[in-house]
Amino acid sequence: MTGPANVASPPQPRAAERILKTARELFYKEGIRAVGVDTIVSEAGVTKPTLYRCFNSKDELAAAYVRVYDAEFWARFEGAGAGFEDDPRTHLRNYLTGLGERATLAGYRGCGLSNAAVEYPEEDNPARLVAEGGKVLLRERLEGMAERMGARNPGLLADGLLLLIEGAFVSGQIFHEGGPAGSVAVIADMLIEASLKD
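Residues numbered from 1 in each chain as written. Predicted model: local features only at pLDDT ≥ 70, side-chain atom pairs only at ≥ 80, totals over all residues. Heavy atoms only, no water.

A short note on the overall build of the protein
Where we set the bar: Starting at the N terminus, helices and strands are each numbered in turn, a helix being any DSSP run of H or I of at least four residues and a strand any DSSP run of E of at least two. Working definition: with a 1.4 Å probe on protein chains only, accessible area under 20% of the residue-type maximum means buried, over 50% means exposed, and in between means partly exposed. Surface exposure here means Shrake-Rupley accessible area, sampled with a 1.4 Å probe, where a residue is shielded only by the protein chains that are shown.
Summing up its helical and strand segments, the protein has 9 helices and 0 strands in all. Mapped in sequence order, the helices and strands of the protein form the string α-α-α-α-α-α-α-α-α. Along the three orthogonal principal directions, the C-alpha set of the protein runs to about 70 × 50 × 30 Å. Expressed as a percentage of its 198 residues, the buried residues of the protein come to 43%. Total accessible area on the protein is roughly 10,900 Å²; 56% of this is exposed by carbon and sulfur atoms.

A word on the environment of Pro121
Inspection of the secondary structure puts Pro121 in the loop between helix H6 (112-119) and helix H7 (126-149). In this structure Pro121 comes out as exposed when scored by relative accessible area, which is 54%.

Observations regarding helix H5 (residues 88-102)
Residues separated by three or four positions in an α-helix point in the same direction, a consequence of the helix having 3.6 residues per turn. Heads up, the rule is: By this rule the span expected of a helix is its residue count minus one, scaled by 1.5 Å. The criterion used for residue contact is that any of the two residues' heavy atoms lie within 4.5 Å.
Between its first and last C-alpha, H5 extends 21 Å over 15 residues, near the 21 Å set by a 1.5 Å rise per residue. Of the positions making up H5, those classed as buried are Pro88, Arg89, Thr90, His91, Leu92, Tyr95, Leu96, Gly98, Leu99 and Gly100. For H5, the elements touching its buried residues are helix H4 (58-79), H7, helix H8 (154-175) and helix H9 (184-195).

Focus on the packing of H6 against H7
Applied cut-off: Each axis is a line fitted through C-alpha atoms, and for a helix only the stretch in contact is used; angles between axes span 0 to 180 degrees, taken between their N-to-C directions. Here is the rule for angles: anything less than 35 degrees is roughly parallel, anything more than 145 is roughly antiparallel, 65 through 115 is roughly perpendicular, and the remaining ranges are oblique. Left-handed describes a crossing whose near helix is turned anticlockwise from the far helix through less than a right angle; right-handed describes the clockwise counterpart.
Packing of H6 against H7 brings their axes to within 8 Å, and their N-to-C directions diverge by 135 degrees. Comparing the axis directions of H6 and H7 gives the class oblique. For H6 against H7, the interelement crossing comes out left-handed. Between H6, through Leu113, Ser114, Ala116 and Ala117, and H7, the contact on the second element is made entirely by Arg128, Val130, Ala131, Gly134 and Lys135.

See below:
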């Protein structure tokens, strides 16, 4: 038995949403510069004029993708601290454990923000600016967490943790299963322990 004839079908995603979702998948998997606008419009089922009505340029679309990736990163990062708001060390360990698991999976392509910064060395590029903003915020967040953990030098611990995280992003793309990224949480814990006040 079918439902009433006047029941509307679920709305289709708007063109801008389809374009951004497609770009997010392709840019992460293949790299921003490697993916052409023709591929994006074909995969998203839209026309080029539609893409350029939604996004002024490919650079603006890349910046929108990096914003989406940044939001996804922060959702994972903050989600790892749920229930541990007063325990930054456990919060960080939870996040890094998840990162170690993701970074050793086949197909892992690192951090979309880091990759965008590498692909776009131009300091005024919109995607690079978004990526840099996300990394600056992460460094500040790690310093605040290090201070709350009781580190002798919170800035130094934050820098060490940031370098460790970035190393996991990159080495995960090279070694995959069994690679050093799988040890990121254990190594971070050793670094934290060594940095705590006596």
